[in-house]
Each structure stands twice: as C-alpha cells, then as structure tokens.
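Remarks on the overall topology
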Amino acid sequence: MKTVGFVGWRGMVGSVLLQRMQEENDFKNINPIFLSTSQPGKVGPIISGTIPTVLEDAYNIEILKSLNIIITCQGGEYTKKMFYTLRNSGWKGYWIDAASTLRMKDDTVIVLDPVNKHIIEKGINKGVNTFIGGNCTVSLMLMALGGLFVSNLIEWISVSTYQAASGSGANYMLELLRQMGALYSVVSKEINDSSVTPLCIEKKVTQFVRSKDFPIEFFNVPLAGSLIPWIDVDIGSGQSKEEWKAQEEANKILGFKRKILIDGTAVRIGSLRCHSQSFVIKLKQDISLVDIEEILLNHNQWVRVIPNNIKNTVHELTPTAVTGKLIIPVGRLRKLSLGNKYLSAFSIGDQLLWGAAEPLRRILKLLVS
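What this report covers is the structure whose coordinates are included nearby. Keep in mind that what you see is a predicted model, and the values were worked out from it rather than measured.

Among the nonpolar cores identified, the biggest contains 37 residues, and Leu142, Phe149, Ile157 and Ile281 are the most heavily contacted of them. Elements represented by at least two residues in this core include exactly helix H5 (136-150), strand E8 (154-163), helix H8 (241-254), strand E10 (275-283), helix H9 (289-299), strand E11 (303-305), strand E12 (328-335) and strand E13 (342-349). With nine residues, H5 is the largest single contributor of residues to this core. Contacts of Leu142, omitting those with residues within four sequence positions, involve Leu112, Val115, Phe149, Ala250, Ile253, Leu254 and His299. Counting 28 residues, the second-largest nonpolar core is a separate cluster that includes Leu18, Met21, Phe27 and Leu367.

As a further point, take empty space enclosed by the protein. Taken as a whole and assessed by the stated rule, the structure comprises two cavities of 30 Å³ or more. In this structure, the largest cavity spans a volume of roughly 110 Å³. Lining the largest cavity are 15 residues, with Val159, Thr161, Glu242, Glu243 and Ala246 positioned closest to its centre. Ranked by residues supplied to the lining of the largest cavity, first place goes to strand E9 (residues 261-268) with four residues.

Before going further, it helps to spend a moment on the packing of aromatic side chains. A complete count under the given rule lists 15 aromatic pairs for this structure. Ring geometry for Phe6 against Phe34: centres 5.2 Å apart, planes inclined by 25°, an arrangement best described as stacked. Of this pair, Phe6 sits in strand E1 (residues 2-7) while Phe34 sits in strand E2 (residues 30-36), placing them 28 residues apart in sequence. Each member of the pair Phe6 and Phe34 is classed as buried. Seen from their ring centres, Phe83 and Tyr84 are 5.0 Å apart, and the 80° between their planes marks the pair as edge-to-face. Judged by its relative accessible area of 41%, Tyr84 falls in the partly exposed class. Put simply, the rings of Tyr59, Tyr78, Phe83, Tyr84 and Trp95 pair up and form one aromatic cluster. Lying over the aromatic face of Tyr59, Lys81 brings its terminal NZ or CZ to 4.5 Å of the ring centre.

Attention now moves to the pairing of E13. Of all eight residues in E13, seven are buried; the element is thus mostly enclosed. Taken together, the eight bridges between E10 and E13 define a ladder with antiparallel strand orientation. Its bridge partner being in E13, His275 is matched across the sheet by Gly349. In the sheet, E12 pairs with E13 via four bridges, with the strands oriented antiparallel. Opposite Val330, over in E13, you have Ser347 as the bridge partner. As consecutive antiparallel partners, E12 and E13 are separated by six residues, and within that stretch Gly339 has a phi angle of approximately 150°, a positive value.

Estimated volume of the second largest pocket: approximately 550 Å³. Surrounding the second largest pocket, 22 residues form its lining, Asp106, Thr108, Ile119, Lys252 and Gly255 being those nearest its centre. Among the elements of the structure, strand E6 (109-111), helix H4 (113-125) and H8 are those that each provide at least two residues to the lining of the second largest pocket. Ranked by residue count, the leading element in the lining of the second largest pocket is H4, at five residues.

Here helix H3 (residues 76-88) is 13 residues long and its end C-alpha atoms lie 18 Å apart, about the 18 Å a rise of 1.5 Å per residue gives. At Met82, H3 is bent by approximately 30°, the largest bend along its length. Where the residues of H3 are buried, they touch E1, helix H2 (61-65), strand E4 (69-72), strand E5 (94-97) and strand E7 (130-133).

Let us look at the pairing of E8. As judged from the eight bridges shared by E8 and E10, these two strands associate in the antiparallel manner. Residue Ile154 lies in a different strand from E10, and its bridge partner there is Leu283. Two strands pair when backbone bridges link them, and E8 and E9 are joined in this way by eight bridges, in the parallel orientation. By the bridge assignment for E9, Thr161 is matched with Ala266.

Strand order in the open sheet formed by seven strands is E3-E2-E1-E4-E5-E7-E6, with parallel pairing between adjacent strands. With one partner strand each, in any of the chains shown, strand E3 (56-57) and E6 form the two edges of the open sheet. For E4 and E5, the ladder comprises four bridges, and the chain directions are parallel. For Thr72, the partnering residue across the bridge sits in E5 and is Asp97. Its contacts with the sheet place helix H1 (residues 12-23) against E1, E2 and E4, and it is angled at close to 145° to E1.

Definitions and limits used
- Residues numbered from 1 in each chain as written.
- Predicted model: local features only at pLDDT ≥ 70, side-chain atom pairs only at ≥ 80, totals over all residues.
- Heavy atoms only, no water.
- Core = buried A, V, L, I, M, F, W, Y, C linked by side-chain atoms within 4.5 Å.
- Buried < 20%, exposed > 50% of the residue type's maximum accessible area, 1.4 Å probe, protein only.
- Helix = DSSP H or I, 4+ residues; strand = E, 2+ residues; numbered from the N terminus.
- Contact = heavy atoms within 4.5 Å.
- 1 Å grid on protein atoms, 1.4 Å probe; cavity = no way out; pocket = protein on both sides within 12 Å on 5 of 7 lines; lining within 4 Å.
- Points joined across faces, edges and corners; volume = space filled by probe spheres on them.
- Phe/Tyr/Trp six-rings, centres within 6.5 Å; stacked < 30°, edge-to-face > 60°.
- Lys NZ or Arg CZ within 6 Å of the ring centre and 35° of its normal.
- Pairing = 2+ DSSP bridges.
- Expected span 1.5 Å × (residues − 1).
- Bend = angle between axes of the 7 residues up to and from the residue.
- Axes fitted to C-alpha atoms, helices over the stretch in contact; angles between N-to-C directions.

Here it is as structure tokens:
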C-alpha cells in the first residue's frame, strides 16, 4: 500500500479533494499522511471515522522523502521552495500538484484523464513522475468541447471566461460576501421605503462603492455589483497570463504539435463558485448542430447538452444549477451569422471539481492502482 502525503488540504481545493476522496472511498487503498506548513504537531483531519493523526512538518525533507506520492494544493510558493530541493535529494516518488508552477515544464504532464488519458499513461510508462492539474477554465473548456477537439474539427476559438470569486481563493470569496452585505446594509432602509426612487438607491450604492469605506482588501477594487475584466498578471502584450494559458495549456494537454489558436478575455464576476465560458468557434468544416451535439455527448459521461431555449438555459446553465456537481453543461449552441462554420457555445463547470480537485483525485487513483 502506497504512502501518500497531503499538503494544503485545508484550502478550498484541498478540502474538495478530501471530500471527493471520502465520497469515492479512495482512502481505503492508501496510507495517508497529512502535513502542514504552519501547524506541525497539531491534530490532523478525521477521515472516514478514523482516529486523527498528528500533522507532520511539510518542510521536513526526510519526512517527504519517505512518501511514495505527494499531492499538494498548497500553492506555487510551496512548490518553488520544496519541489527541486526534494528532487535534488534523490527522491523519485510521484509529485501531484494543483499549482501552475510546473505545468509547462517538458518533463511534466498536465492531467485531465477524460481528455488525455493516453498521454498520461504514455508519460507513466516513460517514467514521468510529476503530474500537474491544469488551469481551471482550460480543463472545463476541454471537458465541455472535448469531442470537437479530439475529432480535429476546431480551427480556432475566441473565448470569454466569467470566473467566480472563489477562483482566486477563500479570502476573495469571503470578501465578495462582505461586499454584498455592505451594499445591502447601506440601503437596507431605502429598499423598503416606497417614497425613495430606485435611482436614489442606485446613487447611494454607487457613492458607497467608490468610497474608502467599501471592503476591497483582496480584490483591490469592487466586485459586488460590478466585474473585473482582468485576471492574473500582464505578460507584456496586453494579454493576461490567464488568457495566455488557454492556448498553451490546452494544446499541451491534448498533445497537439500544431497548435489550435485560442484567445479571448478573462473576466472576474460576482458568483461564488463555478466558471462560465462563452465560445465563438471556427470549425474546419460545416457540420450540422445535430452532429455537433452527438460529438459532444459521446466524448465523456459528464457533458450535458442544454437545449437552446430560454427555459432550459436559465434553469440549467448557471452557477446556481451547477455548483457542487460534476456535470459539464454546454448550451446556446447555434450557427452564427458569420457563416455555417462559425459556432456559438456557452458552458459552465464547477472550477473546484473538474477545474481543480477531480483531476488530482483521479491521477492519484491511477498511480495507486
């Protein structure tokens, strides 16, 4: 039985990972060791009713070297500090990481097994021992549109992503909630006063949002009642790193040497969880919508094609409908007036599941078995 170390298991991705592993009864096949960067010696989590163990020091090289597999959701700084130190010490175990630090390295595989299991297995057989979870929106895009990608039907994609606050981390999601509460508090009396006009309420809200009293510790700008049309750092071309990842990571996951062109705009919106994406897709050939739906549905068991009508769309293609679920709905499918090779699509997925924790859980299970 392999000994597996867990680092960063308290965070949002780590918590979802442990939850999914317990739901799937994965812990029965491993010897889990829980480590901490801040609280070694404290009591660890209770897993499936077991007696909690003491947390090990996540910075202790000797402890890390004793593990067969390390799975970390601790973030890029931990990876930068410990990964190469551990490898240079002679450790040849499997490193599974949620952070982006190692994604584009030549000796790593980005894992999304419903899309690239053949590449993962080829990597294992060649001795690859570093497996990285992909960017959340990239993984969700490939889960949604995988059938079109693997059928070599896509010439290029323009995508706008609408990403939830929790994609930045727990502190950001909590700040959004604080912003929402602050907005309501400042006009709570006026909302129920019929003598106050909606424009007066809007004016008071806008003044408050622009004031120094509005909570913006983490986002640095308002998100509640607004949006932020920039995610991640500027790479120097006017494109953000989040937008750059779409093309580079997608093609690496797929193993395509001739890259499919993918570009667009990444936007942070005021939802708590789930990332949405709006696609304009240039197809290589004119295919009927019926055939497109069949291709999408046949790719993986989690895709759901949502009929392009008001009722189904507003009830099934929203963060409210998808949060906490593994399904990947794809809707708003139609040919654009640009021409019969131009396809519109809208998809949504829980970025803490298929966008983060689930690919890690599945590669761990594959390596263990």
